[in-house]
Amino acid sequence: MTAWKDLLVYLEEGAALDSALASAGLLAEHFGAHVVGLAVSPFRLPLELSQPSRLRDYGERNRERLERLQGRFEQALPHGRREWRSHDGLAEGGERLDVISRHARYADAVVMGQPDRPRGEDDAAVDLPAQVAVASGRPVLVLPRDGWEGRPGRRALVGWNGSREAARAIADALPLLAGAEAVKVLVAGGGDADPGGDVGAWLSRHGVPVEVEQRERSREDPARILLDVAASDDADLVVMGAYGQSRMRELVLGGTTREMMHRMERPVLLAH
């Protein structure tokens, strides 16, 4: 287990931008981390922009947007080790997910805001943070669009079902969990005789103040259970694996990851 020393914060205009920037600053201060700010202009080109003059106007608006986001980043993190990067998809090509994931692979963790509900083609998908976690192989800390104050991770709730994705999420979250005041592992019912005992003991050996709570398997939505327990425990972080089943299956049948991205009201750390 090591501290996070390189953070990537992805900037997207929306309700969660201030929370994402504030949390990135607090985490950088806590860990003594270098922070890279990244903004990406979408590659998609509206069909009505076939005329050169309209295309130039569209490109200029993209550049102005990237400059605004750079200003927000530099205002929020005025001191310390910081670095700004931007990617103009219209000029440079490349899809948003690919660009974010490529930069994320050189960071210990990614900080993102929960995307606003899509209104147009250029808007990010609601589950973009989960897609980044899958594509980059890095943990993604997502801040809710309704706002959040304070550094996440003092009181954490961990979702545990014995899966590879859940194990990866806990391991990636250890730098936060080791400094927490309280950590609850919420265990989904399953066939193991003691599915929470081993993970609880493992976390304890890392100095994590852990409590394990066993829940019987039920038809209730796991995302709703996690959110309800997080609210009752006043948790400031939910840790969970992303896409234990394929994203396409979740798109068709629904699933915990997408439901969490829709409904989250507290910071969520995702890993795959």
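Rules of the game
Residues numbered from 1 in each chain as written. Predicted model: local features only at pLDDT ≥ 70, side-chain atom pairs only at ≥ 80, totals over all residues. Heavy atoms only, no water. Helix = DSSP H or I, 4+ residues; strand = E, 2+ residues; numbered from the N terminus. Buried < 20%, exposed > 50% of the residue type's maximum accessible area, 1.4 Å probe, protein only. Contact = heavy atoms within 4.5 Å. Areas by Shrake-Rupley, 256 points an atom, 1.4 Å probe, with all protein chains shown as cover. Phe/Tyr/Trp six-rings, centres within 6.5 Å; stacked < 30°, edge-to-face > 60°. pLDDT = per-residue confidence, 0-100. Pairing = 2+ DSSP bridges. Axes fitted to C-alpha atoms, helices over the stretch in contact; angles between N-to-C directions. Parallel < 35°, antiparallel > 145°, perpendicular 65-115°, else oblique. Left-handed = near helix turned anticlockwise from the far one by under 90°. Nonpolar A, V, L, I, M, F, W, Y, C, P; charged D, E, K, R; others polar.

Glancing now at the overall build of the protein chain. Regarding its fold elements, the protein chain presents ten helices and ten strands. Taking all 272 residues of the protein chain together, the buried fraction comes to 48%. Put simply, 80% of the contacts in the protein chain that link residues at least 6 apart link residues at least 24 apart. Summing over all exposed atoms, the protein chain offers an accessible surface of approximately 12,900 Å²; the carbon and sulfur share of this is 47%.

Attention shifts here to the environment of Glu-67. Among the structural elements, Glu-67 can be located in helix 2 (residues 52-76). The class for Glu-67 is exposed, based on a relative accessible area of 55%. Along the chain, Glu-67 and Ser-86 lie 19 residues apart, while their C-alpha atoms are 8.9 Å from each other.

Per the counting criterion, the structure on display carries two aromatic pairs. The interplanar angle of 50° and the centroid separation of 5.6 Å between the aromatic rings of Trp-4 and Phe-31 together place this pair among those described as tilted. One end of the pair, Trp-4, is in the segment before strand 1 (6-10); the other, Phe-31, is in helix 1 (residues 17-31), and 27 residues separate them in sequence. Judged by its relative accessible area of 4%, Trp-4 is buried.

The next thing to look at is helix 8 (residues 222-232). Taken residue by residue, helix 8 has Ala-223, Ile-225, Leu-226, Leu-227, Val-229 and Ala-230 as its buried positions. Buried positions along helix 8 lie against strand 6 (155-160), strand 7 (182-187), strand 9 (237-241) and helix 10 (256-263). Positive phi shows up at Asp-234, right after helix 8, with a value of about 55°.

The share of residues in the protein chain with pLDDT of 70 or more is 86%, and the mean pLDDT across the chain is 88. Considering only residues more than four positions removed or in separate chains, one finds that residues 249-254, a stretch of pLDDT under 50, has nine contacts.

The backbone phi angle of Asp-234 is positive, close to 55°, even though this residue is not glycine. Position of Asp-234 among the secondary structure elements: in the loop between helix 8 and strand 9.

Overall, mixed pairing links the ten strands, which are arranged 3-2-1-4-5-10-9-6-7-8 in an open sheet. On the outer flanks of this sheet lie strand 3 (82-88) and strand 8 (210-214), each paired with one strand and no other. Adjacent strand axes in the sheet meet at a mean angle of 20°, parallel and antiparallel pairs treated alike. Judged from the four bridges that link them, strand 9 and strand 10 (residues 268-271) form a sheet pairing that is parallel. Following the sheet pairing, Met-240 is matched in strand 10 by Leu-270. Taken strand by strand, helix 1 contacts strand 1, strand 2 (34-41), strand 4 (109-113) and strand 5 (140-143), and its axis lies near 175° from that of strand 1. Of the strands in this sheet, strand 6, strand 7 and strand 8 touch helix 7 (residues 197-205), which is tilted by about 170° from strand 8.

This part is about the packing of helix 4 (residues 96-104) against helix 5 (residues 128-136). Two elements in contact, helix 4 and helix 5, have axes separated by 9 Å at closest approach and are oriented at 55°. Classified by the interaxial angle, the pair formed by helix 4 and helix 5 is oblique. The handedness of the crossing between helix 4 and helix 5 comes out as right-handed. Contacts from Arg-96, Leu-97, Ile-100, Ser-101 and Ala-104 in helix 4 reach Leu-128, Gln-131, Val-132, Ala-135 and Ser-136 in helix 5. Of the residues in the contact of helix 4 with helix 5, the class split is six nonpolar, three polar and one charged.

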